Amino acid sequence: MRGRILPASHWLRKGFAALALLLVVAPAAHGNGWEHGTVPFGALLSALQSDDPSLRARAAESLGYRGQGEAVGPLLEALARPEPESAVRGAIVAALGRLRNAAALPALLECLAAEREDTVRGECATALGVIGDVRALPALLDAIDREASPLVIAEAVDALGGFDAPEAVARLASLAEGDDPALAARA
């Protein structure tokens, strides 16, 4: 075997085998059961394409916690693929927020506007607040005004706390003095 170059498929299988071994023996130190830094980066990227939705979600979560900027591209690709599981879409969106990379803004704004699941739209609002780019403010302010889901509205209000822009502060102040006690408390 020495001196022979092995094909990429060999290393992918090895990555999945290492990931499976880690799932069995790694201590459950985080919410998804993984030590986020112990799973090889390549194995996490491979797991984003797994047939198992819980594995895809856990991989996305770990990629977000690791903070590696090179995960943004693969996460955006995973979000662009048709994903039937809302938990996976939510994990991908949350990971993009944790990475705080403005390259994710277009996808997160699209998610806030068009995602069918309230919980995932709420994660989109949260991620936009974590990133804190002022280009997201119009969409968050619009979500507070036009969104039907109380969950998404609450997450959009919370997200405004990530901004120090005058528009965000003014909206939070008006909500704090408004007629809705739940939103006033959040603001």
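Figured I'd write up the structure that's included with this text. Fair warning: this is a prediction, and the values are worked out from it, not measured in the lab. (Residues numbered from 1 in each chain as written. Predicted model: local features only at pLDDT ≥ 70, side-chain atom pairs only at ≥ 80, totals over all residues. Heavy atoms only, no water.)

## A word on the overall build of the protein chain
Defined as follows: For helices the rule is a DSSP run of H or I covering at least 4 residues; for strands it is a run of E covering at least 2, with both sets numbered from the N terminus onward. Relative accessible area decides the class of each residue, using a 1.4 Å probe on protein chains only: under 20% of the type maximum gives buried, over 50% gives exposed, and in between gives partly exposed. Residue contacts are counted whenever heavy atoms from the two residues lie within 4.5 Å of one another.
For the protein chain, the helix and strand inventory stands at 11 helices and 0 strands. Along the protein chain, from the amino end to the carboxyl end, the secondary structure elements read α-α-α-α-α-α-α-α-α-α-α. Across the 187 residues of the protein chain, 43% fall into the buried class. Expressed as a percentage of contacts within the protein chain between residues at least 6 apart in sequence, the contacts between residues at least 24 apart total 62%.

## Description of the side chain of Arg-121
Checked against the element boundaries, Arg-121 lands in helix α7 (residues 118-131). Look at Arg-121 and you get buried, because its relative accessible area is 9%. Not counting residues up to four positions away in its chain, the partners in contact with Arg-121 are Cys-111, Leu-112, Glu-115, Arg-116, Glu-147, Ser-149 and Val-152.

## Here we look at the state of the cysteines
Worth spelling out the cut-off: Throughout, a disulfide means two cysteine sulfur atoms within 2.5 Å of one another.
Counted by the stated rule, this structure contains 1 disulfide. Between the sulfur of Cys-111 and that of Cys-124 lies a disulfide, 1.7 Å long from S to S. Disulfide Cys-111-Cys-124: the torsion about the S-S bond is 60°, which places it as right-handed. One end of the pair, Cys-111, is in helix α6 (residues 105-114); the other, Cys-124, is in helix α7, with 13 residues separating them in the sequence. Accessibility assignment for this pair places Cys-111 and Cys-124 in one class, buried.

## A closer look at the pattern of salt bridges
Our working rule: Any carboxyl oxygen of Asp or Glu that lies within 4 Å of a side-chain nitrogen of Lys or Arg is treated as forming a salt bridge with it.
Going through the model one piece at a time under the given rule, you end up with 8 salt bridges. One salt bridge connects Glu-83 with Arg-56, and the closest N-O pair in it is separated by 2.8 Å. In this pair, Glu-83 sits in the loop between α4 (72-80) and α5 (86-99) while Arg-56 sits in helix α3 (residues 53-66), placing the two residues 27 residues apart along the sequence. Arg-56 shares its class with Glu-83; the two are buried. A salt bridge links Asp-158 to Arg-186; the nearest nitrogen and oxygen atoms lie 2.5 Å apart. Of the two residues, Asp-158 sits in helix α9 (residues 150-160) while Arg-186 sits in helix α11 (residues 181-186), which places them 28 residues apart along the sequence. Residue Asp-158 is classed as partly exposed on the basis of its relative accessible area, which comes to 34%. It is possible to trace a salt-bridge network through shared partners that takes in Asp-118, Arg-121 and Glu-147.

## A short note on the packing of aromatic side chains
Heads up, the rule is: Think of it this way: a Phe, Tyr or Trp ring, Trp meaning its six-membered ring, pairs with another when their centres are within 6.5 Å, and the plane angle makes it stacked under 30 degrees, edge-to-face over 60, tilted otherwise. The rule for a charge over a ring is simple: NZ of Lys or CZ of Arg within 6 Å of the ring centre, and within 35 degrees of the ring normal.
Enumeration over the complete set of coordinates arrives at 0 aromatic pairs. The side chain of Arg-98 reaches across the aromatic face of Tyr-65, ending 4.2 Å from its centre.

## Here's the deal with the packing of α7 against α9
What counts, and what does not: Axes here mean lines fitted to C-alpha atoms, for a helix over just the part in contact, with angles spanning 0 to 180 degrees between N-to-C directions. Should an angle lie under 35 degrees it is considered roughly parallel, over 145 roughly antiparallel, and from 65 to 115 roughly perpendicular; all remaining angles are considered oblique. Residue polarity is assigned by list, with Asp, Glu, Lys and Arg as charged and Ala, Val, Leu, Ile, Met, Phe, Trp, Tyr, Cys and Pro as nonpolar; anything else, Gly included, falls into the polar class.
Remark: α7 packs on α9, axes separated minimally by 8 Å, with the N-to-C direction vectors making an angle of 5°. With respect to each other, α7 and α9 are oriented roughly parallel. Across the interface between the two elements, Asp-118, Thr-119, Arg-121, Gly-122, Ala-125, Thr-126 and Gly-129 of α7 pack against Leu-151, Val-152, Glu-155, Ala-156 and Ala-159 of α9. Here the contact of α7 with α9 is composed, by residue class, of 5 nonpolar, 4 polar and 3 charged.

Take it as geometry only, folks, not as evidence of what the structure does.
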